[in-house]
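What follows is each chain in one-letter form.
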Amino acid sequence: MERKAAAVIAPSADIDATATIGQGTRVWHLAQVREGARIGADCTIGRGAYIGPGVVVGDSCKIQNHALVYEPAHLGEGVFIGPAAVLTNDQFPRAITSDGTPKSAADWTAVGVTIERGASIGARAVCVAPVTIGAWALVAAGAVVTKDVAPYALVVGVPARRVGWVGTAGAPLVRDGAHWTCPLSGDGYVEADGGLLPLTS
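Model, not experiment: these values are computed from the prediction.

(A) Summary view of the sheet that holds strand E19 (residues 138–139). What the nine strands build is an open sheet, ordered E1-E4-E7-E10-E13-E16-E19-E21-E22; its pairing is mixed. Sheet topology places strand E1 (8–9) and strand E22 (161–165) at the edges, where each strand pairs with a single neighbour. Judged from the two bridges that link them, strand E7 (residues 44–45) and strand E10 (residues 62–63) form a sheet pairing that is parallel. Bridge pairing in E10 links Thr44 to Lys62.

Shown next as structure tokens:
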């Protein structure tokens, strides 16, 4: 039976005692993982990344340098979060209440971003909660996502809009008659109900 390596945590990383770090995960310098967060196995948490309280990160995820993942975000298996990307959690952000007193935890309700299996969020992109990013979707660098993204969708811009489709290999798909084909893997896909489905062999 193969034995997994223990997690590797840089001495300058700040990991709360109640956080869970999976086997084989690497947490780099100055990263912060808050209370109750759950990081899966074989993940990479980059330098200066922030993982909020109770955030769930699936196995084999990559969260790059200085990305900010605020609670209650939920990341599926194999999710990629690019450098300095932000997953927000406050629909109505204010520092003070309407009477001028500092806003406390009791004055708002955190809402999260859900990112499904294999999806990627590009560098400096912002996902404005509450939104769901579908499986294998690709959010381009610098995009601002304000509504749900379909599985396999390629979205760009501010606000983000779909400009194409991507396959599991991450490359934009090419139309091939009634289907779409990945130029890297040769895998085929078909549009259905406003989304994309892999062709079965």
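Having seen the model, we can carry on.
(B) View of the packing of aromatic side chains. Evaluated as defined, the whole model comprises two aromatic pairs. Ring plane angle 45 degrees and centroid distance 5.2 Å describe the contact between Tyr50 and Tyr70, whose orientation is recorded as tilted. Linking Tyr50 in strand E8 (residues 50–51) with Tyr70 in the loop between strand E11 (68–69) and strand E12 (74–75), this pair joins segments that are 20 residues apart in sequence. By relative accessible area, Tyr50 is classed as buried at 13%. Arg162 extends its terminal NZ or CZ atom over the ring of Trp165, reaching a point 4.0 Å from the ring centre.

(C) Structural view of the sheet that holds E11. Strands sit in the order E2-E5-E8-E11-E14-E17-E20 across an open sheet of seven strands; the sheet is parallel. Of all strands in the sheet, those bounded by a partner on one side alone are strand E2 (14–15) and strand E20 (144–145). Here E2 pairs with strand E5 (residues 32–33) via two bridges, running parallel. Counted as the bridge partner of Ile15 is Val33 from E5.

About the cut-offs
- Residues numbered from 1 in each chain as written.
- Predicted model: local features only at pLDDT ≥ 70, side-chain atom pairs only at ≥ 80, totals over all residues.
- Heavy atoms only, no water.
- Pairing = 2+ DSSP bridges.
- Helix = DSSP H or I, 4+ residues; strand = E, 2+ residues; numbered from the N terminus.
- Phe/Tyr/Trp six-rings, centres within 6.5 Å; stacked < 30°, edge-to-face > 60°.
- Buried < 20%, exposed > 50% of the residue type's maximum accessible area, 1.4 Å probe, protein only.
- Lys NZ or Arg CZ within 6 Å of the ring centre and 35° of its normal.

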